[in-house]
Amino acid sequence: MSGKQALLAIISIIVGVGLGYFWSVTRSQDPIEIVIGVSVLAIVLVFFSLTSMGKH
């Protein structure tokens, strides 16, 4: 893993965890499995979108 990919992975994790926290605060009635699923999906989608934006 290069330095650029590591940076993108860290940014993706921060965004995914932030979205999961926002989800749990605004939709407190949802079970924790939904919050974890949203976080993991957000991490994957943000990482792939950032890596594809870097390829011109």
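Look up: the structure comes first, before these words.
This section reports on the structure supplied with the text. (Residues numbered from 1 in each chain as written. Predicted model: local features only at pLDDT ≥ 70, side-chain atom pairs only at ≥ 80, totals over all residues. Heavy atoms only, no water.)

What to know about the packing of aromatic side chains
Thought 1: Using the criterion set out here, one finds one aromatic pair in the structure.
Thought 2: A centroid spacing of 5.8 Å and a plane angle of 65° characterise the contact between Phe-47 and Phe-48, whose relative ring orientation is edge-to-face.
Thought 3: A residue is classified by how much of its surface remains accessible, and Phe-48, at 54% relative accessible area, is exposed. (Phe/Tyr/Trp six-rings, centres within 6.5 Å; stacked < 30°, edge-to-face > 60°. Buried < 20%, exposed > 50% of the residue type's maximum accessible area, 1.4 Å probe, protein only.)

Regarding the environment of Ser-24
Thought 1: Within the fold, Ser-24 resides in helix α1 (residues 3-26).
Thought 2: Judged by its relative accessible area of 29%, Ser-24 is partly exposed.
Thought 3: Taking the C-alpha atoms as reference points, Ser-24 and Val-40, separated by 16 residues in sequence, lie 14 Å from one another.
Thought 4: At a separation of 2.8 Å, a polar atom in the side chain of Ser-24 contacts the main-chain carbonyl oxygen of Tyr-21. (Helix = DSSP H or I, 4+ residues; strand = E, 2+ residues; numbered from the N terminus. Polar contact = N/O pair within 3.5 Å; in protein donor to acceptor, adjacent residues only side chain to side chain.)

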